[in-house]
Amino acid sequence: MRIRILGTGLALCMVGLGVFAWKVLVLELPILPAEPQGLWQVGLRVSAVPGADAFSLDAAMPSPDARQFIFGERFSSGRLRLGVRDEATGRRALWRGTGRRGIDVDLLFRVQLAASDGELPVRNGSKPVPEEIRRVFTAPSSTIPSTSSEIGEVLSGIELPRADDVGGRVRSIYAFVVHETRTGRTDDPILTLRDREGNDVGRERLLVAMLRRAEIPARLVRGLELDEPRAAERVWAEVWVDGWVALSATRRFVGSAPLDYLALSTADRPLVSGNALRSIDYEFAAIRERLSPQELATLMMPSEGVFEKISLHRLPVGLQAGLRLLLLMPLGALILTLLRNVVGLPSYGTFMPMLIALALRGTGLGIGLALILLVLLIGVAGRLLVTKLRLLLVPRLSFLLCVVVASVTAMALIGFDYDDRNFYAGLVFPIVILTMLIERFSITLSEEGFQPAAVRAGSSVLLAIMLYPLFSSAIVEHVMFSFPEWILVVMGVLVWLGGYTGYRVTDVIRFRSLASRE
């Protein structure tokens, strides 16, 4: 390889890598920005039919604390008056209205959840329990009958650790509820204890009642388990040991709630309720939040003047989508050059496999290959039919173009009739490239026979399959778009490959018998 080629390639690579290193090391741009963990968008939709002229409905809202950060709250209240109340058990949205027409209200908010580090101590907590906490959360209530004689009898039969071993006492009571009760239907804690079965609410209420009877402050928590696209209502308990520590006899956790658990209220009442309503229906929905294009642009935008000016993230989002696809092509061309000039794989056309791989990106590998094969078969059949007509080149290619377009259109109609959107995938095919592929395959077939034509077509498809992971990789797309200086590196390597005049891998394999004779 000549010195000039080596030097040119090296200079291009060094400039590209230098700019990339400056952005990463000096400007501290992340190569791959981490997706936020525990970030959700949660929505509540309530539909109700009033049963009186004046009515109200209310819904629990999350309260911010060390584990959950709430922001972006929005309401859709229609003709209703909206108010938000701060209560000791949490916040509640309250809608009031008049009339008999059905109503729909929406509540939407975003939440950032963090893992809690709560755990039960081996012995007593290091801090005394605040008197207000002890007074409120060891007292009985209508749903937590902690002074019931049945609970007292059961506790007396359990060998609880000493009073100063709070952690041990909590674990003993927790183990009793987990192992001595099973899933049932009642939500009454006394019936749950008597029959040794109850639903989630009944078993958690029993756990809280037994803890309170043992003079350990405890409360019930109602909230959501977030999962796309729906959020399921959950209930669990919290016990005071130097702070509130979560535990659940039904979901089997002690110390910290799962990361996707959102606490809405510590009131032992439904999350959504109403007054003077004939019917009420509601549903919670959840979507895991990811970085929006604007947030990603803010994160990836260099702060320095020159690099900020040449950053592609400042372009309109619609334009960015096209550039993201375009910037994958130099990398695809590099790999294609490597496979053709160094490995020696043949193909129809220089960039045809790359364009096919780009088309497969929009269809998926399996469906895309099957549809391309179907179009090729139809096109080759059409090409063979017009061979005897001895058409000129341009009319013949135009005829094949019409065959390809008709095939793709027919597939779209079939997909519509059978409600299968996979057949619409042909609409993104590079029609002109497929037409040229049919023409070249037909010429090779007539001049050299079926085997050379099939080998070359198969090699083209193989190259497209090898390029497909590159073009479908979100990571590669992000890196090439955020750091377009990698094009200079690609150009440098292409200069080196252009100066390579040695044997190809396939040539070495092909002529290895001659080499062994020498």
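Scroll up to find the structure this text is about.
Scoring rules and cut-offs
Residues numbered from 1 in each chain as written. Predicted model: local features only at pLDDT ≥ 70, side-chain atom pairs only at ≥ 80, totals over all residues. Heavy atoms only, no water. Helix = DSSP H or I, 4+ residues; strand = E, 2+ residues; numbered from the N terminus. Rg over C-alpha atoms; globule rule 2.2 N^0.38 Å. Buried < 20%, exposed > 50% of the residue type's maximum accessible area, 1.4 Å probe, protein only. Contact = heavy atoms within 4.5 Å. Salt bridge = Lys/Arg side-chain N within 4 Å of Asp/Glu carboxyl O. Expected span 1.5 Å × (residues − 1). Axes fitted to C-alpha atoms, helices over the stretch in contact; angles between N-to-C directions. Parallel < 35°, antiparallel > 145°, perpendicular 65-115°, else oblique. Left-handed = near helix turned anticlockwise from the far one by under 90°. Nonpolar A, V, L, I, M, F, W, Y, C, P; charged D, E, K, R; others polar. Pairing = 2+ DSSP bridges. 1 Å grid on protein atoms, 1.4 Å probe; cavity = no way out; pocket = protein on both sides within 12 Å on 5 of 7 lines; lining within 4 Å. Points joined across faces, edges and corners; volume = space filled by probe spheres on them.

A. Geometry of the overall build of the protein. Within the protein one finds 19 helices and 15 strands. A globule of 518 residues ought to have a C-alpha radius of gyration of about 24 Å, yet the protein, at 34 Å, is considerably larger. For the protein, the C-alpha atoms occupy an extent of roughly 100 × 60 × 55 Å along the three principal directions. Looking at the protein as a whole, 42% of its 518 residues qualify as buried. Long-range pairs, those at least 24 residues apart, make up 73% of the contacts in the protein between residues at least 6 apart in sequence.

B. Geometry of the pattern of salt bridges. Under the definition given, this model contains 20 salt bridges. Put simply, Asp53 and Arg100 hold a salt bridge, and the shortest N to O gap is 3.1 Å. With Asp53 in the loop between strand 1 (39-50) and strand 2 (54-61) and Arg100 in the loop between strand 5 (90-98) and strand 6 (103-113), this pair connects stretches of sequence that are 47 residues apart. Both residues of the pair, Asp53 and Arg100, belong to the exposed class.

C. Up close: helix 15 (residues 450-471). The end-to-end C-alpha separation of helix 15 is 31 Å, in line with the 32 Å expected for 22 residues at 1.5 Å each. Among all positions of helix 15, only Ala453, Ala457, Ser459, Ser460, Leu463, Ala464, Leu467, Tyr468, Leu470 and Phe471 are buried. Here the buried face of helix 15 lies against helix 10 (328-343), helix 11 (352-361), helix 12 (365-387), helix 14 (431-448) and helix 16 (474-482).

D. Geometry of the packing of helix 10 against helix 11. Interhelical geometry of helix 10 versus helix 11 gives an angle of 130° and a closest axis separation of 10 Å. Classified by the angle their axes make, helix 10 and helix 11 are oblique. For the element pair helix 10 and helix 11, the recorded crossing hand is right-handed. Touching Leu328, Met329, Gly332, Ala333 and Leu336 of helix 10 are Pro353, Met354, Leu355, Leu358 and Arg361, all from helix 11. Looking at the contact of helix 10 with helix 11, its residues break down into eight nonpolar, one polar and one charged.

E. Broad picture of the environment of Arg390. Mapping Arg390 onto the fold places it in the loop between helix 12 and helix 13 (393-417). Between the C-alpha atoms of Arg390 and Gly168, which are 222 residues apart in sequence, the distance is 94 Å.

F. Structural detail: the sheet that holds strand 14 (residues 272-275). What the four strands build is an open sheet, ordered 4-5-2-14; its pairing is antiparallel. Strand pairing shows two members of the sheet lacking a second neighbour, strand 4 (81-87) and strand 14, which therefore form its edges. Strand after strand, the sheet turns through a mean of 20° between neighbouring axes, direction not considered. For strand 2 and strand 5, the ladder comprises eight bridges, and the chain directions are antiparallel. Note on strand 5: the bridge partner recorded for Ala54 is Thr98.

G. Structural context of the layout of surface pockets. In this structure, the largest pocket spans a volume of roughly 670 Å³. Lining the largest pocket are 34 residues; nearest its centre among them are Asp65, Arg67, Arg219, Glu238 and Trp244. Taken together, the elements giving at least two residues each to the lining of the largest pocket come down to strand 9 (218-226), strand 10 (231-240), strand 11 (244-248) and strand 13 (261-265). Considering every element that reaches the lining of the largest pocket, the biggest residue donor is strand 13, with four residues. For the lining of the largest pocket, the per-class residue count stands at 15 nonpolar, eleven polar and eight charged.

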